[in-house]
Structures are given as C-alpha cells and as structure tokens.
Amino acid sequence: MDSYNTKIIKINRTDFDGSELDEAARLLRNGELVAFPTETVYGLGGNALDPEASKKIYSAKGRPSDNPLIVHIAEKADIYKIGREVPESVQTLMDMFWPGPLTIIVKKSDIIPKETTGGLDTVAVRLPSDEIAGELIRRSGVYVAAPSANASGRPSTTRAEHCFEDLAGKIPLIIDGGPVKIGLESTIIDMSSDKPLILRPGYITIDEIRRAVPDCEFDPVVIATAKPESMVAKAPGMKYRHYAPKGELIIFRGEPDRVISRINEEIAVKKKGGKRVAVLATEESRDFYQADFIKSLGRRTDEEEIARHLFEVLRSFDELGAEYIFGECFFSPGIGQAIMNRLVKACGYNIIDV
Ligand code: AMP
Ligand code: MG
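About the cut-offs
Residues numbered from 1 in each chain as written. Chains lettered and ligands numbered in written order. Predicted model: local features only at pLDDT ≥ 70, side-chain atom pairs only at ≥ 80, totals over all residues. Heavy atoms only, no water. Phe/Tyr/Trp six-rings, centres within 6.5 Å; stacked < 30°, edge-to-face > 60°. Lys NZ or Arg CZ within 6 Å of the ring centre and 35° of its normal. Helix = DSSP H or I, 4+ residues; strand = E, 2+ residues; numbered from the N terminus. Pairing = 2+ DSSP bridges. Axes fitted to C-alpha atoms, helices over the stretch in contact; angles between N-to-C directions. Parallel < 35°, antiparallel > 145°, perpendicular 65-115°, else oblique. Left-handed = near helix turned anticlockwise from the far one by under 90°. Contact = heavy atoms within 4.5 Å. Buried < 20%, exposed > 50% of the residue type's maximum accessible area, 1.4 Å probe, protein only. Arc of directions from axis to C-beta. Salt bridge = Lys/Arg side-chain N within 4 Å of Asp/Glu carboxyl O. Core = buried A, V, L, I, M, F, W, Y, C linked by side-chain atoms within 4.5 Å. Near = heavy atom within 4 Å. Polar contact = N/O pair within 3.5 Å; in protein donor to acceptor, adjacent residues only side chain to side chain. Areas by Shrake-Rupley, 256 points an atom, 1.4 Å probe, with all protein chains shown as cover. Nonpolar A, V, L, I, M, F, W, Y, C, P; charged D, E, K, R; others polar.

**Some points on the packing of aromatic side chains**
Evaluated as defined, the whole model comprises three aromatic pairs. A network of ring pairs unites the aromatic residues Phe252, Tyr324 and Phe326 as a single cluster. Its guanidinium or amino end placed over the ring of Tyr324, Lys270 lies 4.4 Å from that ring's centre, counting from NZ or CZ. One cation-aromatic arrangement involves Arg300 over Phe330; the distance from NZ or CZ to the ring centre is 4.5 Å.

**A few points about the environment of Ala224**
Within the element layout of this structure, Ala224 appears in the loop between helix H8 (220-223) and strand S13 (248-253). For Ala224 and Tyr349, which are 125 residues apart along the polypeptide, the C-alpha to C-alpha distance reads 9.0 Å.

**Observations regarding the sheet that holds strand S14 (residues 277-281)**
With parallel pairing, five strands are arranged side by side in an open sheet as S15-S14-S16-S13-S17. At either margin of the open sheet sits one strand with a lone partner, and together these are strand S15 (293-296) and strand S17 (351-353). Averaged over all adjacent pairs, the angle separating strand axes in this sheet is 25°, with direction ignored. Here four bridges tie S14 to strand S16 (residues 324-328), and the two strands are oriented parallel to one another.

**Regarding the packing of helix H1 (residues 22-29) against helix H5 (residues 131-140)**
Geometry of a packed helix pair, given as the angle between the helix axes and the separation of the axes. The interhelical angle for the contact between H1 and H5, taken along N-to-C directions, is 55°, at an axis separation of 8 Å. In terms of axis orientation, H1 runs oblique to H5. H1 and H5 meet at a crossing whose hand is right-handed. On the side of H1, the interface is formed by Asp22, Ala24, Ala25, Leu28 and Arg29, while H5 contributes Leu136, Arg139 and Ser140.

**Considering helix H6 (residues 160-167)**
All buried positions along H6 are accounted for by Ala160, His162, Cys163, Asp166 and Leu167. All buried residues of H6 lie within an arc of 155° about the axis, which places them on one face of the element. On its buried face, H6 is in contact with strand S2 (34-36), strand S3 (43-47), helix H2 (51-61), strand S9 (173-176) and helix H10 (303-320). Immediately beyond the C-terminal end of H6, within one or two residues, lies Gly169, with a positive phi of roughly 90°.

**Remarks on the pattern of salt bridges**
As enumerated under the stated definition, the model contains 30 salt bridges in all. A salt bridge links Lys7 to Glu23, with the nearest nitrogen and oxygen atoms 2.8 Å apart. Highlighted residues: Lys7 in strand S1 (residues 7-10) and Glu23 in helix H1, separated in sequence by 16 residues. For Lys7, a relative accessible area of 39% translates into the label partly exposed. For Glu165, the salt bridge identified is with Arg315, shortest N-O distance 2.9 Å. You can see Glu165 sitting in helix H6 and its partner Arg315 sitting in helix H10, a full 150 residues away along the chain. Judged by relative accessible area, which is 2%, Arg315 ranks as buried. Overlapping salt bridges bring together Arg154, Glu165, Asp166, Arg315 and Asp318 as one network.

**Section: the nonpolar core**
General note: in soluble globular proteins, nonpolar side chains tend to be found buried as a group. Of all hydrophobic cores here, the largest spans 46 residues; its most connected members are Ile73, Leu93, Trp98, Leu102, Ile104 and Ile209. Excluding residues that lie within four positions of it along the chain, Leu93 makes contacts with Trp98, Leu102, Ile104, Ile189, Met191, Ile209, Ala212 and Val213. Counting 30 residues, the second largest nonpolar core, distinct from the first, contains Ile325, Ile339, Val344 and Tyr349.

**Concerning the site of ligand 1**
Neighbouring ligand 1 are 15 residues; Arg63, Thr122, Pro147, Ser148 and Arg200 lie closest to it. Between ligand 1 and the protein, one listed contact pairs an oxygen atom with a side-chain N or O atom of Arg63 at 3.0 Å. Protein chains shield 81% of the accessible area of ligand 1, which is 490 Å² for the free molecule. Only strand S7 (122-126) and strand S11 (197-200) provide two or more residues apiece to the shell around ligand 1. Ranked by residue count, the leading element in the shell around ligand 1 is S7, at three residues. Here the residues of the shell around ligand 1 sort into 10 nonpolar, three polar and two charged.

**What to know about the pairing of S11**
Sheet topology places strand S10 (residues 187-190) next to S11; three bridges connect them, and they run antiparallel. Its bridge partner lying in S11, Ile189 is registered against Ile198. Hairpin connection between S10 and S11: a loop of six residues separates the two successive antiparallel strands. Here S11 runs beside strand S12 (residues 217-218); their pairing, made up of two bridges, is parallel. Counterpart to Leu197 in the pairing with S12 is Glu217.

Set out below in structure tokens:
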C-alpha cells in the first residue's frame, strides 16, 4: 500500500462555493481515495468504475473484499446506468427519499466491476443529501464507491478527526465538513428480487418505506438480538463484531431501574478485580451509576441525539482504556431499532436480560 502524508481540507459550510473540492474531485478522477462527509457518516470514496480504486478502499480499511461498497451518485437517473431491470417502485422510493439516507440495491449493469460489489451481481446505490458530498460527486464526474470511512471493525466515523485516526497515512485527503447530521449509516433496502427486504435499519424507518413499498419486510437477521443458531458453532462472537470498542461491551435489557441496579452490581464486581469500567448511559440514568467513566448518549426522549452520538461515544471508550463497558438498551420501533442494531453488533450479541 502507498503511504501518504494525509491532508485535511476544512470546509466552511456557511461560505462554500464548491471550488474547495476541486483537488478532491481530481484525486477521485485519478483513481485515488478521499474521505468526505455525508449526512449519515463520513465515507471513504473512490471511482466506482475503477477496480483498482475499489481495491484501494478495501486495503485502506482493512475490509474483507467480499463486503460490497455503496455507490454514491449525484443524479437519480444514474441508477439506470449502473443498475439494470430496475423495478418501477424504485422510482417511487427515489422520489420520496432522495437525496437522503436510503440505499437501494438493484441488479448491477456491466459497467460496475465486481471489485466494487464484492463479487455480487447486485449494486447498492445512494444519492446523499449532504451538499459537500453532492458537490464532490458532481465535480469529480465519476460515481463514487464509498463505505464508511473507518478502519474495518471500528465504529463508523462521524467527524473528520475519526477518519484521520483510522486512515492517516493510508489516503491522500480528508474533507472536513464538521460533525455529521444523522450519525447512523443509511437504511438499506434490497429491491433486486421480488421480495423487498430491509438489510440494514437506519434513519428512514420501515413504516416510512412501506408508504412506497407496502410489502417490504426486515431481513430476519437485522432484528435478531441473539446470534443466529447456525452460526453458534463458528468463531464465537468475533465474526459478528462491527463498531466494536476494544473493551468488552455488554448490553443489559429490562426495566430501567433493574438495569441500573444490575449494572451497578457488575461494576462493583469488576472494580474489585481492578478493572477499568465504563457505562454507556443516557441523560436520564447517568447520575445513578458508580463507574470510573460514564458516557451519556443524550436524552432517551430524543433518539436523533442518541443516534448522532453513538459512534463517537463508542470510540471514546478506547481512549479511556475501558476494559469493560456496560450499556443500556433501546426499544422504540423508529430510529431506536437502528440504534439497537448497531449496539447488538458492537457487543457481538452480548446481551443480558435482567
Ligand atoms: P458501509 O458503507 O461500511 O456501511 O458498507 C456498506 C454496506 O452496504 C455493507 O454492510 C454492505 O454489506 C452493504 N451492501 C453494499 N452493497 C450491497 C449489495 N449489493 N448487497 C447487499 N448488501 C450490500
Ligand atoms: Mg461500515
């Protein structure tokens, strides 16, 4: 892998004319990688039609090359160039939710190389609403393959500083557009077969999507909070861990009062053993814990706030050197479902009912 002196270009969103992105656009056209903000999380972009650029993305992230990338476009009509046999309901989805945090999977056309889709015959497409992302794609003149701009396995990046932590030396440029608006990755819907399936919950909820695609369902794996049976025999836990802090994260599920007292019991045990313990709390509960470090995600009543802070807080436990992290659950059917999906992966199904 090439080694770079990674540069950061800071964008002032209140005084932005697009020319700040010319260097980034040129790098993308030349097959190089650029990290840039979107409304969901920061993306690590490369030319989606260039197999070498896609290989660079996998290598910079340390990502297994069978995990496909999302292709970012600036015009809705581009989905008909990179996809084929696009069903009519996809146009309805695009009209309702684009630009925005919805990724749509369709069958891929021949111009998309298999390197970009992890060997699959389908392609994931998104038209982001962030104005920096949109302007960068337009100026580059290419379709931009971009997974989240984190090292594989670590929490996604919601600030340029996180991209620098994970990717410094591995890419030439990071565009700093400040903290992202949403903080969770896009909702992914698979429209490539007869059965529309949500493969990843996000800011756009299944109820909203059903207004466009009434028969849409969750892929059962998405909402599972226990490890799928067939996988139990394989490498326990680790295979499923994404977003994971270095310490052991355990999530407790139950009535708030019982969760708090159970977590305090666990803290006492670990502290006796000389361990560094942290709690993933909310504003409502933070004062009730007796841990070394207590990090609040925000108010339980404001799930958008919780979503915005989740990855940043998960990252902060590594800086604190937390060996154990005890966290609370989120239940609501809306964004709570997306938050819980990320937490379940972060803890590798390490959930205890109290
Ligand atoms: P990231 O941008 O890091 O969230 O990674 C992109 C996500 O989109 C991964 O979870 C992929 O598995 C998913 N994805 C991308 N393309 C496809 C596809 N063709 N089929 C299924 N999932 C996909
Ligand atoms: Mg990711």
